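Structural features, examined
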Amino acid sequence: MNPMNAVESIVSVLKQRGFDYEASEGDTLLFRGHLLCQGQPHAVALAVDVSGLTLPEFQLLNIPRQLKPIAPHIGQDGFLCYAARGSIVLDIFDMPAQVLACIDRAESVYAEVLAGKRAKDLEDEFFAYWGTSICLADIDPYLSTPVEAIFYQNAKAKSKAEPLLVISNVPKQTKIKLECLGMIPVPNRVARVCRVKTNQAPMPMQDKWPPKSVEEVLRWQSYLGDGNCRRKLESHLINALNADLNGAFCLIESPLISYGFAVSFNRNGGKPNSIYNRLAVRELIYQSQLQTFSIVRIDDVYLAQRNNPMNRNLHGLNITLIGCGTIGGYLAELMVKAGVGTSTGRLTLVDNDSLMPQNVGRHRLGFNHILQNKAEALAEELTRSSPSLNARPLPVDALQAYLGKEDLIIDATGEEALGHALAHKYQGPDFKPILKVWIEGPGIAVRSLLTPVPDSACARCLNDDQRTVLYPSTQEAIPLELLGQGCESLYVPFPATVSVQAACLAMEHLSDWAMEQPSPRLRTKILNNHFTIATPDIDPLKRSTCPACAMVV
Ligand SMILES: [Zn+2]
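Procedures and definitions
- Residues numbered from 1 in each chain as written.
- Predicted model: local features only at pLDDT ≥ 70, side-chain atom pairs only at ≥ 80, totals over all residues.
- Heavy atoms only, no water.
- Patch = residues over 30% accessible without salt bridge, like charges linked within 9 Å, V, L, I, M, F, W, Y side chains within 5 Å.
- Areas by Shrake-Rupley, 256 points an atom, 1.4 Å probe, with all protein chains shown as cover.
- Salt bridge = Lys/Arg side-chain N within 4 Å of Asp/Glu carboxyl O.
- Helix = DSSP H or I, 4+ residues; strand = E, 2+ residues; numbered from the N terminus.
- Phe/Tyr/Trp six-rings, centres within 6.5 Å; stacked < 30°, edge-to-face > 60°.
- Buried < 20%, exposed > 50% of the residue type's maximum accessible area, 1.4 Å probe, protein only.
- Domains from an automatic or database assignment.
- Contact = heavy atoms within 4.5 Å.
- Buried area = accessible area lost by both parts, 1.4 Å probe.
- Donors = N, O, S within 2.8 Å, 3.2 Å for Na, K, Ca; no water.
- Tetrahedral: all angles 85-135°; square planar, octahedral: opposite > 155°, others 65-115°.
- Polar contact = N/O pair within 3.5 Å; in protein donor to acceptor, adjacent residues only side chain to side chain.
- Pairing = 2+ DSSP bridges.
- Axes fitted to C-alpha atoms, helices over the stretch in contact; angles between N-to-C directions.
- Core = buried A, V, L, I, M, F, W, Y, C linked by side-chain atoms within 4.5 Å.

Turning to a nonpolar patch on the surface, a few remarks are in order. Where nonpolar side chains cluster on the molecular surface, the patch consists of Leu 53, Ile 92 and Phe 93 and spans about 380 Å² of accessible area. Positionally, Leu 53 belongs in the loop between strand E3 (40–49) and strand E4 (57–60).

Moving on to the packing of aromatic side chains. Applying the stated rule across the entire model yields twelve aromatic pairs. Relative to Tyr 82, the ring of Phe 58 lies with its centre 5.3 Å away and its plane at 80°, an arrangement referred to as edge-to-face. Of this pair, Phe 58 sits in strand E4 while Tyr 82 sits in the loop between E4 and helix H2 (95–114), and the two are 24 residues apart along the sequence. Judged by centre distance (5.6 Å) and plane angle (55°), the ring pair of Trp 220 and Tyr 259 falls under tilted. Of the two residues, Trp 220 sits in helix H5 (residues 214–224) while Tyr 259 sits in strand E10 (residues 258–264), which places them 39 residues apart along the sequence. The exposure classification of Trp 220 matches that of Tyr 259, with both residues buried. Pairwise contacts between aromatic rings join Phe 126, Trp 130, Trp 209, Trp 220 and Tyr 259 into one cluster.

Moving on, we get to the domain arrangement of the protein. When the domains of the protein are assigned, the result is domain 1 (3–123), domain 2 (126–298) and domain 3 (304–526). Centre-to-centre separation of domain 2 and domain 3, based on C-alpha positions: 44 Å. Contact residues are listed per partner, giving seven residues for domain 2 and seven residues for domain 3. When domain 2 packs against domain 3, close to 580 Å² is buried across both sides, 60% of that on carbon and sulfur atoms. Considering only the side of domain 2, the residues that lose the most area to domain 3 are Tyr 142, Gln 173 and Lys 177, jointly responsible for 58% of the buried surface there.

The subject of this paragraph is the coordination of the zinc ion. Looking at the zinc ion, one finds its protein donor set to be Cys 458 (SG), Cys 461 (SG), Cys 546 (SG) and Cys 549 (SG), positioned 2.2 to 2.3 Å from the metal centre. In this structure, the zinc ion is coordinated by four donor atoms arranged in tetrahedral fashion, with angles at the metal of 100 to 120°. Motif for the zinc ion, donor spacing along one chain: C-x2-C-x84-C-x2-C. Classification of Cys 546 by relative accessible area gives buried; the value is 1%. For Cys 549, a relative accessible area of 10% gives the class buried.

Right, let's get into the side chain of Asp 49. With respect to the helices and strands, Asp 49 occurs in strand E3. Side-chain polar atoms of Asp 49 contact the side chain of Ser 51, separated by 2.7 Å. At 2.9 Å, the side chain of Asp 49 forms a polar contact with the side chain of Thr 54. Residue contacts for Asp 49: discarding those within four places in its chain leaves Asp 27, Thr 28, Thr 54 and Met 95.

Before going further, it helps to examine the sheet that holds strand E8 (residues 183–197). In spatial order, the strands read E5-E7-E6-E8-E9-E10-E11; together these seven strands close into a barrel with mixed pairing. Neighbouring strand axes in the sheet, compared pairwise and without regard to direction, differ in orientation by 35° on average. Two elements, strand E9 (residues 247–253) and E10, share seven bridges in a ladder whose sense is antiparallel. What sits directly across from Glu 253, in E10, is Ser 258.

Glancing now at the nonpolar core. The biggest cluster of nonpolar side chains holds 42 residues, and the ones touching the most others in it are Leu 331, Met 335, Leu 349, Ile 410 and Leu 510. The biggest single contributor to this core is helix H12 (residues 496–514), with ten residues. Other than its neighbours up to four places away in sequence, Leu 510 contacts Leu 314, Ile 319, Met 335, Val 340, Leu 408, Ile 410 and Leu 435. With 33 residues, the next largest nonpolar core counts Leu 122, Val 196, Val 217 and Leu 224 among its residues.

Structure below.
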């Protein structure tokens, strides 16, 4: 259908449905008509994007009184939300029929809204009705340190922007984060935070919204059905008033979302130190005005888990990454994105090598770090984009490194002999779980082996006593390919894409381990399709005669 015909067809089909064409703006056709809900017509303006890339928009021309001040699915200016963005994909080659289907859907949604059947949906749309002010929240859920409210301003003194409200239970880390956004704390401007938990999901009240005073907000909490939350809020505010504060920030944490409001006490010119009687205190608090805030989480736990709830156990762990080369660099970055080294956890980076110009082509680090120690440079690079990261670089030999109490060691050196030595060192009473990741030949395959408990196979257990390979990765022989000259500078050629895939394999194995699903403990991914996999992912057996892990007492 050519564009001209498409426009004519849409206009004609809509005409039959009772919508009159009014005008066009670019690719958008504007109509007037009615949604029919249980026989009643409701006047709407309809905008149709002929390209089909955005959904037709319906705007109610008269919003019925019972849907004011708020109603589910009715946006500002009367726009009707009848489908979430992305939930419908229009067939752009059949727009007339698609527009009719959208009218059907809009009519059915609006009929339910009018019948009060969609009130529960207000829960999901809560923030759209709560506050337009933003409060950043950097609250580590694993810590029970007190939450305080701090105002931040642009470090450039001339900026006239309103100070930004930030609540945090890790103020030092928060300061580092905000500083990297060019913000500094406003001196002497800290507010008390009253933190209250509730099991009730917030839902706007449909008769009076949003609450403007403490009295209204407390009444709303009772309406939600959590009298306890109401009482706690009230008693927190009384304490704040009695402590001579000018106000407080209330943070309400419900199962799915948190929201907040700032209260400024209206003392009516009363002396701050005068002693109020209890009734007067209540009265003063009830009449105090408030400002609602939407909470935007910036805590490391949320940032890591939002896209992958599987990462929930990686915070708070002590993990050592040995080898900050081409695999280790990318792996360290994935680990930090997943939350390693945040909260109470720590990421130790071990490498005694320096980054050379010839490494840059397949290394996470770039030219700006050459001649620097790889562990130190990587820690610096990761901390730049994750300012609250707790990274400990150790520019020492892997076997000499003093690791302390580690939950896991990751060997990303790709050096077979070192893997055996590590398995030998961390066995018996000194046992530490080890995850090893390596590349087979010139990028033929990537593999990972996890030794989570003492009775699982170590890296050396993959060979028998004669060093025959027991679990080959490919059916074909792996070619031995080396480039470079002389004894010192030989290297195996493979591109960064191979290292990235090795890092991904190890990261997935690490996530599984943290979720207590270490199996299969030996994993192989073939990257070169001229090769065939020889060993499917399995749990290899620990060998009783293994020279690395079968402890000789
Ligand atoms: Zn072994």
